[in-house]
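The primary structure of each chain is shown beneath.
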Amino acid sequence: MADFAVLYERLQEERERLATKLAQLRNANRPSSDKREGNPSGKKDEEASQVLEIERRIGMEKNLEDSLSEVEHALEKYRAGTYGSCDSCGQPIEPARLEALPRAGLCLKCKSSQSPNARGK
Ligand SMILES: [Zn+2]
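Read on for an overview of the structure. On a predicted model such as this, the values are computed, not experimentally measured, just so you know.

Check the secondary structure of the protein chain and you find four helices and zero strands. Per-residue burial for the protein chain yields a buried fraction of 24% across its 121 residues. By sequence separation, contacts in the protein chain at least 24 residues apart represent 58% of the contacts at least 6 residues apart. Total accessible area on the protein chain stands at roughly 8900 Å², and carbon and sulfur atoms take up 52% of it.

Attention shifts here to the coordination of the zinc ion. The protein atoms donating to the zinc ion are Cys86 (SG), Cys89 (SG), Cys107 (SG) and Cys110 (SG), with metal-donor distances spanning 2.2 to 2.3 Å. Read in sequence order, the donor residues coordinating the zinc ion give the pattern C-x2-C-x17-C-x2-C. Of the two residues, cysteine 86 is situated in the loop between α2 (44–80) and α3 (95–100) and cysteine 110 in helix α4 (residues 108–113); the sequence distance between them amounts to 24 residues. Note on accessibility: cysteine 86 and cysteine 110 belong to one class, buried.

You can see serine 67 is positioned in helix α2. The exposure class of serine 67 is buried, given its relative accessible area of 15%. The residues contacting serine 67, other than those within four sequence positions of it, are Leu18 and Arg103.

Aromatic ring pairs are described here by two measures, namely the spacing of the ring centres and the angle between the planes. Following the criterion strictly, the structure yields three aromatic pairs and no others. Plain terms: the ring middles of tyrosine 8 and tyrosine 78 are 4.1 Å apart, the flat faces sit at 20 degrees to each other, and that makes the pair stacked. Pair noted here: tyrosine 8 is in helix α1 (residues 4–29) and tyrosine 78 is in helix α2, with a separation of 70 residues, a long-range link. Classification of tyrosine 8 by relative accessible area gives buried; the value is 17%. On the accessibility criterion, tyrosine 78 (27% relative accessible area) is partly exposed. Centre to centre, the rings of tyrosine 78 and tyrosine 83 are 5.7 Å apart; their planes meet at 55 degrees, and the pair counts as tilted. What links up through ring pairs into an aromatic cluster is the set Phe4, Tyr8, Tyr78 and Tyr83.

Thresholds applied
- Residues numbered from 1 in each chain as written.
- Predicted model: local features only at pLDDT ≥ 70, side-chain atom pairs only at ≥ 80, totals over all residues.
- Heavy atoms only, no water.
- Helix = DSSP H or I, 4+ residues; strand = E, 2+ residues; numbered from the N terminus.
- Buried < 20%, exposed > 50% of the residue type's maximum accessible area, 1.4 Å probe, protein only.
- Contact = heavy atoms within 4.5 Å.
- Areas by Shrake-Rupley, 256 points an atom, 1.4 Å probe, with all protein chains shown as cover.
- Donors = N, O, S within 2.8 Å, 3.2 Å for Na, K, Ca; no water.
- Phe/Tyr/Trp six-rings, centres within 6.5 Å; stacked < 30°, edge-to-face > 60°.

Next up, the structure:
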């Protein structure tokens, strides 16, 4: 059986970790006006790879935001006393699933029926 107190600790740690990473990424994503302008050699390859790097970071930022909001949601559920219940059907989420992913908000059944290819209600 899942130990919710331990999972709560893990969620709080994860929130810290995600928030820190997100702050770092946002710093890095800011326009570099206040950074050193670096080599005036203007290497095209370098510029292209910087664009890719920025796109990669923006993608990472989006993922982190999603994860963070899931963690926040799980913490809210914990405080509301509904942690461990599926957001969709209200049934208990599989303990193994919570152990693997403490921020999980849906049971496996609802999660799999939520896939974009699932048929409508
Ligand atoms: Zn469910």
